[in-house]
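# Examination of the molecular architecture
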Amino acid sequence: KQWYQRRVAITAGSKDHTLRVWARAGNTYEEVATCTGHTAAVTGVALARLPQNSFMVSISSDLTLKMWQLNQKKMNKSRCVYTVKAHEKDLNCVAVSPNDKYIGTGSLDKTAKIWLSDKGVLCGVLRGHRRGIWSIRFSPADQCVLTCSGDALLKLWKLSDFSCIRTYEGHSASVLNAQFMSGGRQVVSSCSDGLIKVWDTVSAEAITTLDGHTDKCWAILVQEGEVVSGAADSLLNFWRDTTAEVQEKEIEEERVSSENQQNLRNLVHKEEYGAAFRLSLALEMPYRCLTIAEKLLGRPNAGASELGMICDELDQTELETLLSYISTWNTNSKHTVVAQGVLHSLISGAQFSRLSQYPKLRPHLEALLPYTERHFERLTQLHKMSTFIQYTWEQMKLSEL
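Let us look at the structure shown here. (Residues numbered from 1 in each chain as written. Predicted model: local features only at pLDDT ≥ 70, side-chain atom pairs only at ≥ 80, totals over all residues. Heavy atoms only, no water.)

Helix length check: helix α5 (residues 316–330), at 15 residues, gives a terminal C-alpha distance of 21 Å against a target of 21 Å (1.5 Å per residue), a fit within 8%. Along α5, the residues that are buried comprise E318, L319, T321, L322, L323, Y325, I326, S327, W329 and N330. (Helix = DSSP H or I, 4+ residues; strand = E, 2+ residues; numbered from the N terminus. Expected span 1.5 Å × (residues − 1). Buried < 20%, exposed > 50% of the residue type's maximum accessible area, 1.4 Å probe, protein only.)

If you walk across this open sheet you meet the three strands as β20-β21-β22, and the pairing is antiparallel. Lying at the two open borders of the sheet, with one neighbouring strand each, are β20 (217–223) and β22 (236–240). Geometrically, the sheet is characterised by an average inter-axis angle of 20° between neighbouring strands, direction not taken into account. (Pairing = 2+ DSSP bridges. Axes fitted to C-alpha atoms, helices over the stretch in contact; angles between N-to-C directions.)

Once that is clear, we can look at the pattern of salt bridges. Scanning the entire structure with this criterion turns up six salt bridges. R255 is paired through a salt bridge with E259; the nearest N and O atoms lie 2.6 Å apart. Of this pair, R255 and E259 both sit in helix α1 (residues 243–269), separated by four residues, roughly a single helical turn. Given a relative accessible area of 40%, R255 falls into the partly exposed group. For E259, a relative accessible area of 40% translates into the label partly exposed. Note that R278 and E318 form a salt bridge whose closest N and O atoms lie 3.3 Å from each other. (Salt bridge = Lys/Arg side-chain N within 4 Å of Asp/Glu carboxyl O.)

On to the packing of aromatic side chains. Any pair of aromatic rings gets described here by the distance separating the centres and the angle formed by the planes. On inspection of all chains with the given rule, the structure shows three aromatic pairs. For the pair W134 and W218, a centre-to-centre distance of 5.5 Å together with 75° between the ring planes defines the contact as edge-to-face. On the criterion of sequence distance, the pair formed by W134 in strand β12 (residues 133–138) and W218 in strand β20 is long-range, its members being 84 residues apart. Given a relative accessible area of 39%, W218 falls into the partly exposed group. (Phe/Tyr/Trp six-rings, centres within 6.5 Å; stacked < 30°, edge-to-face > 60°.)

Moving on to a positive patch on the surface. There is a patch of like positive charges on the surface, built from K89, K110, R130 and R131. Topologically, R130 is positioned in the loop between β11 (122–127) and β12. (Patch = residues over 30% accessible without salt bridge, like charges linked within 9 Å, V, L, I, M, F, W, Y side chains within 5 Å. Areas by Shrake-Rupley, 256 points an atom, 1.4 Å probe, with all protein chains shown as cover. Lys, Arg positive; Asp, Glu negative; His and termini not counted. Charge placed at Lys NZ, Arg CZ, Asp CG, Glu CD.)

See the structure below:
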């Protein structure tokens, strides 16, 4: 096979003003082309996207854009097709469109430019960033191009009229790289503070933030549902897209939650308040647990004893949850009677001796004291007043006689 049909694996530009191309040869790589012609450091390089095309474009600190025709039959027989002065300041990035029709460049002059690849003719200029542009990418699905800049913004532009149709705001420092992923439905970007963000392309909202670097994150590679990031902290991080798994988990959790809530409603309807109380505690539904405890304590005979037996069977996690609920209920005078009733069932049973063994329960118990004392004082004062009123009423009846 010819070297180009073996699929070019690596291209690189260097400060020595040259470009080099390596192709896979079995289990090794061999240099197949060296391109010379730039007069300053080569700052970016991109290959043709379609297999039938064999060109390469490069940018340099000499402010030029060059296209190179790679010879498919003979190694080291590459030639420069054209050279154009692309920008007024250093060029930072270059990209080739999926159909090989366009070339995009970005520069420190705060602009990005779109060129016809066959002739090097300027098609349009993308203006709107307030700092230099660090990355430019063509969408794999739409006639759009994505840029990111030192102004902490990403922008999406229409190729038809070169207007900005969307701005992605959320980074707090320079955005150094950006790529399309998920067939163009999402964008992943990296920042000089080390954070990586994933965006919804249409809504321009940040879906998630990945925190795995402590220094400037310069490189991002998207391939087969994975993102690889490289940063100045000397780390390569591999990120896997778990969106489908998370969605499936959320759907399953929603289904289980619906079933449990229906079971809870069925138990309340059947007046099986003991089982309903335990289930509402497991589902972490404090208000529902309060109403069930009120109904349970309202039973004339076995309500309090049944609640005591339930409390005796609780493990440490359930005890902590119940005590946190009681602390919350106890802050409201309307719920004090139920809160104190549940607390009495809890500390009068077998759990009383175990409470001191769980250090995590101590804050909840301490939180109960001030409000309990306040309610006790209020009830004591109410009792005194009621006694005084009763005494006054009795005296009034005697004076009438």
